[in-house]
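# Working through the structure, step by step
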Amino acid sequence: QVRLVESGGGSVQAGDSLRLSCAASGRIRSNSGMGWFRQAPGKQREFVAAITWSAGRTYYADAVKGRFTISGDSRKMTESLQMNSLKPEDTAVYYCAVKGSYAGSLYYDNVYDHWGQGIQVTVSS
């Protein structure tokens, strides 16, 4: 059974920083990369950032580019999301995910095979 566990969420003030971490365990047949998504109340889940193992490339949503940094370790099946200069609009439940196949765009949640339970990040003004 595959399990992803997020940690590091919480409540902060605008301008503060948080670091989210995710650890995957279990039998994952294929792991081409990992990503972070978020879902704010009343909104659809959206892409935040992703990292691919083969090329070591990182990808970011425009809304977080320059403020968030994704990193990870393919052997340990872990990833982190350093979030700086947080804004109230970053408030959401954040989910980590594992993308097994190399096919499909990493910007879309339907290509990810395994998901964490989500962790709350709240940024107040």
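Everything below is about the structure printed above this text.
Source: prediction; values computed, not measured. (Residues numbered from 1 in each chain as written. Predicted model: local features only at pLDDT ≥ 70, side-chain atom pairs only at ≥ 80, totals over all residues. Heavy atoms only, no water.)

Here we take up the sheet that holds strand β8 (residues 78–83). Strand pairing in a sheet relies on backbone hydrogen bonds, with the paired strands running either antiparallel or parallel. Judged by pairing direction, the sheet is antiparallel, and its four strands sit side by side in the order β1-β3-β8-β7 without closing on themselves. The open sheet has two edge strands with one neighbour each: β1 (3–7) and β7 (68–73). Strand-to-strand twist across the sheet, computed as the mean angle between neighbouring axes with direction ignored, equals 15°. Pairing geometry for strand β3 (residues 18–25) and β8, over six bridges, is antiparallel. The residue of β8 that forms the bridge with Ala23 is Thr78. (Pairing = 2+ DSSP bridges. Helix = DSSP H or I, 4+ residues; strand = E, 2+ residues; numbered from the N terminus. Axes fitted to C-alpha atoms, helices over the stretch in contact; angles between N-to-C directions.)

In this section: the packing of aromatic side chains. All told, the structure shown has seven aromatic pairs when counted by the stated rule. Between the aromatic rings of Phe37 and Phe47, the centroid separation amounts to 5.7 Å while the plane-to-plane angle is 80°, which identifies the pairing as edge-to-face. Remark: Phe47 occurs in strand β5 (residues 46–52) and Phe37 occurs in strand β4 (residues 33–39); sequence separation between them is ten residues. Given the relative accessible area of 1%, Phe37 is considered buried. Owing to a relative accessible area of 10%, Phe47 belongs among the buried residues under this scheme. Taken together, a centroid distance of 5.1 Å and an interplanar angle of 80° make the contact between Phe37 and Tyr112 edge-to-face. Here the residue Phe37 occupies a position in strand β4, and Tyr112 occupies one in the loop between β9 (92–99) and β10 (114–115), the gap between them amounting to 75 residues. Given a relative accessible area of 6%, Tyr112 falls into the buried group. Following the ring pairs from residue to residue traces out a cluster consisting of Phe37, Phe47, Tyr59, Tyr95, Tyr107, Tyr112 and Trp115. (Phe/Tyr/Trp six-rings, centres within 6.5 Å; stacked < 30°, edge-to-face > 60°. Buried < 20%, exposed > 50% of the residue type's maximum accessible area, 1.4 Å probe, protein only.)

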